[in-house]
Amino acid sequence: MFGFNRGQQLSFVLLLILVIGAPFVLYPIVVMQVMCYAIFAMGTNLLMGSVGLLSLGQAAYFGLGGYVAGYLVQSVGLTPELGIVAGGVAGAALGGAFGWLAIRRQAIYFAMITLALAQIVYFGAVQVTGFTGGENGIQGIPRGALFGFLPLASDRAMYALVAVIFLAGVIFIHRVVHSPFGQVIKAIRDSEPRAMSLGYKVESYKWIIFVLAAALAGVAGGTKAMVMGIQTLSDVGGSTSGLVVLMVLLGGIGTIFGPILGALIVIAMQYYLAPFGAWVVVIQGAIFMACVLVFRRGIIGEVAYRLRTQL
Amino acid sequence: MVMILGKPAPLLFGQLLLGIINGSFYAMLSMGLAIIFGLLKIINFAHGAMFMVGAFVTWGLFTYLGVGFWAALICAPVIVGAFGLLLERAFIRPIYKLDILYGLLLTFGMAQVLQGLATNYFGSSGVSYDAPPALSGVLNLGFMYLPVYRGFVVIAAIIICAVTWFAVEKTKLGALLRAATENPSLVQSFGVNVPRLIALTFGGGVALAALAGVLAAPLYSVNPAMGSDLIDTVFAVVVIGGMGSIGGAILTGFGLGIIEGFTDVFYPPGSAVVVFVVMAVVLLGRPAGLFGKVA
């Protein structure tokens, strides 16, 4: 099914059951938020896992997607699905431009240039108040009606939409990674000079992955703006970029399901540990350190390694 | 009122001074980062947190032990530097052999832990610390008024930068450091304890950050976010200057501070972002930074 291996099939079925069952156990808004961040993290993982590029500025595309979707739905009156698509397109367009600049640089320079570009976007978001609402953000974004006639006001309807986008995202990413294109990407990660000598245009491949990751971030940001009804500066800020890297690292770099679990844990932590104030930050930092020091495969990566399979 | 480039002179000089002061901190912090990166190949995202810890230690020395500013200039870097040695031994030593990006992630987490702990303990608004009486007051320079402490910070920063640059580039210890960067196993075979050299370098870099923290304590409110507010800019400085180039870090630090100050006069909203624009432009033209060697 969809080219999944056995373990992945089982995991996907398990994921499906969880997605259907979760709103009965957890607060649906939290689960929707988890799914949005999971899409975001899966996209980021394309960069980190497939080509080994650490971007420190993914929030730029996530935040832009949210602003574009929120603005178009609220002020222009677009339907929600078009808003989300527009968010994805905006993310991809920005990713196209920034990626073109960033992929020419390696490792630390790549990380720093993505950070710099994202900072520019952040300060842009603070300044262009007519579009972003500045410090106030965009508030009261209506969920509207899907395709113009299916109202999304109820959390149940919205949940169904988010779940469909999310599951489609999982399958899409899996297809990308396991396509001939994905094989080339892996070859580039393993040895860039070798891939180059085989005649592959390494930079174009990296650029496409960068744009894909940015597009997914844009879709995720747009969807989140629809779910929450607000879009704020924090979504485009550096801490969000850090958060998504944490999700990927914790779940398992280069796995299909890792970023999803990472998103679940990190978002749940923020919700349920919120009363403990700054301890959330301390715990997040400690997880970062633990992941690097003793746990580099991440949770899903570790499980997959023990089971000698890919998840 | 005297006008320069269409702006009132006092405003221009005031912003220039502010730029030079910010530049002093950029230079001091990015120098420590450059030293650590040069020898350890660790991108120390916790450097801003060390700066913050240095400021809090300064405040704590005074509040709990009655140790004043002048003594803190020595004590705080020693204490925080020792703390850095512990961190190096416990967390950083195990990851030298890994990809460079793991160091970045590890120290990023370390910074979060330190900042979170400080927020829990002191609250996010922080504490205040007064400048020593000898340095309070204002000097009339004729064309502008200069708060004495600010002038002191600039001079202190220039001295600290010059001494550090001299120590690394012109002394035997510095030569050893640079040699160990080039070829650790060769230096080891000459009987030099390279792991200890590396640990001391990390401790030294951290102590430099703490020293900047001491100087910052009377200038800014001592608060948990003071390091993270600076760290992105400081990274931009290191990258623009050329990773690992100490002279580059110093010159770029002061230069960017001044550029930032001027931007604030002519286009205030741009001052927060000009550093990153400069960085993007420089990296596109010179991948290894202005003073960096091409890898």
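In what follows, the structure referred to is the one given above.
Quick look at the structure, then. It should be emphasised that the depicted structure is a prediction, and the values quoted were computed from it without experimental measurement. Here, residues in each chain are numbered from 1, in the same order as that chain's written sequence. Written order determines the labels here, with chains lettered from A and ligands numbered from 1. Local features in a predicted model are, by the rule used here, given only for residues with pLDDT of at least 70; side-chain atom pairs are given and counted only at 80 or more, and totals for whole chains, interfaces and linings are based on all residues. The side-chain figures draw on all heavy atoms in the structure; neither hydrogens nor water molecules are used.

Things to note about the overall build of chain B
Note the cut-off: Only DSSP runs of H or I covering at least 4 residues are called helices, and only runs of E covering at least 2 are called strands; the numbering of each starts at the N terminus. For a compact globule the rule gives 2.2 Å times the number of residues to the power 0.38, and the radius of gyration it is set against comes from C-alpha atoms. The contact definition used throughout considers only heavy atoms, calling two residues in contact when any of these lie within 4.5 Å. In summary, the charge assignment counts Lys and Arg as positive and Asp and Glu as negative, without counting His or the chain termini. Throughout, a charge is located at the NZ atom of Lys, the CZ atom of Arg, the CG atom of Asp or the CD atom of Glu.
For chain B, the count of helices and strands is eleven helices and four strands. Its C-alpha atoms give chain B a radius of gyration of 19 Å, near enough to 19 Å, the size a compact globule of 295 residues would have. Over its C-alpha atoms, taken along the principal directions, chain B stretches across nearly 65 × 50 × 35 Å. A separation of at least 24 residues holds for 76% of the contacts in chain B among residues at least 6 apart in sequence. Counting 12 positive and 9 negative side-chain charges, chain B places the averaged centre of each group 13 Å from the other.

Some thoughts on the packing of aromatic side chains
To be explicit about the condition: Between 30 and 60 degrees the pair is tilted, below 30 it is stacked and above 60 it is edge-to-face, where a pair is any two Phe, Tyr or Trp rings, Trp via its six-membered ring, whose centres lie within 6.5 Å.
Within this structure, the stated rule accounts for 25 aromatic pairs over all chains. Measuring from ring centre to ring centre gives 5.5 Å for F181 of chain A and Y205 of chain A, while their planes differ by 25°; the resulting arrangement is stacked. A residue pair is termed long-range when its members are at least 10 positions apart, and F181 of chain A in helix α8 (residues 180-190) and Y205 of chain A in helix α10 (residues 202-228) qualify at 24 residues. Their ring planes at 80° and their centres at 5.0 Å tell us that F288 of chain A and F108 of chain B sit as a pair that is edge-to-face.

Some words on the nonpolar core
Basically, it comes down to this: Only buried residues count toward a nonpolar core. Its members are Ala, Val, Leu, Ile, Met, Phe, Trp, Tyr and Cys residues joined through side-chain atoms within 4.5 Å. Only protein chains enter the accessibility calculation, which uses a 1.4 Å probe; a residue is then buried when its area is under 20% of its type maximum, exposed when over 50%, and partly exposed in between.
Grouped together as the largest cluster of nonpolar side chains are 217 residues, with contacts concentrated most on F166 of chain A together with F25 and L215 of chain B. Ranked by the residues each element gives to this core, the list is headed by helix α2 (residues 28-50) of chain A, at 16 residues. If we skip the residues at most four places from it in the chain, L215 of chain B touches F25, M28, F69, L73, Y149, F152, V153, A156 and I160 of chain B.

Things to note about the environment of Q8 of chain A
All names here are of chain A. Stated precisely, the cut-off is as follows: For the purposes of these results, a polar contact is taken to be a pair of N or O atoms within 3.5 Å, where, inside protein, one atom must be able to donate a hydrogen and its partner to accept one; residues adjacent in sequence count only when each atom of the pair is a side-chain atom.
Locating Q8 in the fold gives a position in helix α1 (residues 6-25). Considered as a pair, Q8 and N45 are 37 residues apart in the sequence and their alpha carbons are 17 Å apart. Looking at Q8, its side chain comes within polar contact range of the side chain of H174, at 3.3 Å.

Concerning the interface of chain B and chain A
Note the threshold: What gets called buried area is simply the loss in accessible area from a 1.4 Å probe that two parts show on being joined, summed for both. One speaks of a salt bridge when a side-chain nitrogen belonging to Lys or Arg is within 4 Å of a carboxyl oxygen belonging to Asp or Glu. We call Asp, Glu, Lys and Arg charged. Ala, Val, Leu, Ile, Met, Phe, Trp, Tyr, Cys and Pro are nonpolar, and the rest, Gly among them, are polar.
Taken together, the contact pairs 37 residues of chain B with 34 residues of chain A. Together chain B and chain A conceal approximately 3200 Å² of surface at their shared face, both sides included; 82% is due to carbon and sulfur atoms. Taken together, the links from chain B to chain A amount to zero salt bridges. For the pair chain B and chain A, the number of links is two residue pairs in polar contact (both at pLDDT 80 or more). Those elements that place two or more of their residues in the side of chain B that touches chain A are α4 (100-122), α9 (226-241) and α11 (274-285) of chain B. Here the side of chain B that touches chain A takes 15 residues from α4 of chain B, the largest share from any one element. For the side of chain B that touches chain A, the class distribution of residues is 31 nonpolar, five polar and one charged.

Structural notes on the side chain of N45 of chain A
Secondary-structure assignment places N45 of chain A in helix α2. Looking at N45 of chain A, the relative accessible area reads 6%, which means it is buried.

Overview of the pattern of salt bridges
Throughout the structure, instances matching the rule amount to six salt bridges over all chains. With a shortest N-O distance of 2.9 Å, K224 of chain A and D235 of chain A are connected by a salt bridge. Taken together, the residues K224 of chain A in helix α10 and D235 of chain A in the loop between α10 and α11 (238-251) connect sequence positions eleven residues apart. The burial state of K224 of chain A is the same as that of D235 of chain A; both residues are buried. Here R93 of chain B ties to E88 of chain B by a salt bridge, and the two come within 3.2 Å at their closest N and O atoms. A relative accessible area of 1% means that E88 of chain B is categorised as buried.

Brief notes about the packing of α2 of chain A against helix α7 (residues 155-177) of chain A
Between two packed helices, both the angle of their axes relative to each other and the distance between the axes serve to describe the pair. Residue and element names in this part refer to chain A. What counts, and what does not: All axes are obtained by fitting lines to C-alpha atoms, using only the stretch in contact for helices, and the reported angles, taken between N-to-C directions, cover 0 to 180 degrees. By the definition adopted for this analysis, an angle is roughly parallel if under 35 degrees, roughly antiparallel if over 145, roughly perpendicular if from 65 to 115, and oblique otherwise. Left-handed describes a crossing whose near helix is turned anticlockwise from the far helix by less than a right angle; the clockwise case is right-handed.
Running from N to C, α2 and α7 point in directions that differ by 15°, and their axes come no closer than 9 Å. When the interaxial angle is binned, α2 and α7 end up roughly parallel. For the crossing formed where α2 meets α7, the hand is left-handed. Packed against α2, whose contacting residues are P28, I29, V31, M32, M35, C36, A38, I39, M42, G43, L46 and S50, the element α7 presents D155, M158, Y159, V162, A163, I165, F166, G169, V170, I173 and V177 at the interface. Considering only residue class, the contact of α2 with α7 consists of 19 nonpolar, three polar and one charged.

Things to note about a nonpolar patch on the surface
Residues and elements named next belong to chain A. The following threshold applies: Note that patches include only residues with greater than 30% relative accessible area and no salt bridge, and the join distances are 9 Å for like charges and 5 Å for nonpolar side chains (Val, Leu, Ile, Met, Phe, Trp, Tyr). Per-residue and other accessible areas were derived by the Shrake-Rupley procedure at a 1.4 Å probe size, with only the shown protein chains allowed to occlude residues.
The grouping of F24, V25, L26, Y27, L264, Y271 and Y272 at the surface amounts to a nonpolar patch, some 770 Å² of accessible area in total. Of all the secondary-structure elements, those providing two or more residues to the nonpolar patch are α1 and α12 (258-272). Looking at the nonpolar patch element by element, the count peaks at three residues for α12. Tracing the sequence through the fold places Y272 in helix α12.

Comments concerning unusual backbone geometry
Across the chain, the bulk of peptide bonds are trans and the bulk of non-glycine residues have phi less than zero. Residue and element names in this part refer to chain B. Look at K41: it is not a glycine, yet its phi comes out positive at around 55°. As for its position among the elements, K41 is in the loop between α1 (9-40) and α2 (47-65). For K41, a relative accessible area of 43% translates into the label partly exposed.

Some words on the packing of α9 of chain B against helix α10 (residues 246-266) of chain B
All names here are of chain B. Where α9 meets α10, the closest approach of the two axes is 8 Å, and the angle between their N-to-C directions is 125°. Taken together, the axes of α9 and α10 lie oblique to each other. Here α9 and α10 pass one another in a crossing that is right-handed. Contacts between α9 and α10 pair T233, V237, I240 and G241 from the former with G248, A249, T252, G253, L256 and E260 from the latter. Counted by class, the contact of α9 with α10 contains four nonpolar, five polar and one charged residues.

Regarding α2 of chain A
Residues and elements named next belong to chain A. Put simply, the test is: For a helix, the expected span equals 1.5 Å multiplied by the residue count minus one. Two axes are fitted around each residue, one to the seven residues ending there and one to the seven starting there, and the angle between them is reported as the bend at that residue.
Spanning 23 residues, α2 covers 32 Å between terminal C-alpha atoms, matching the ideal 33 Å at 1.5 Å per step. Taking the largest bend as the criterion, α2 deviates by roughly 30°, centred on T44. G52 occupies a position one or two residues after α2 and carries a positive phi of about 70°.

Let's talk about the environment of P10 of chain B
Residue and element names in this part refer to chain B. Along the chain, P10 turns up in helix α1. Exposure remark for P10: the relative accessible area of 41% places this residue in the partly exposed category. Along the primary structure P10 and F83 are separated by 73 residues, whereas in three dimensions their C-alpha atoms are 43 Å apart.

As far as function goes, none of this settles anything; it's purely spatial.
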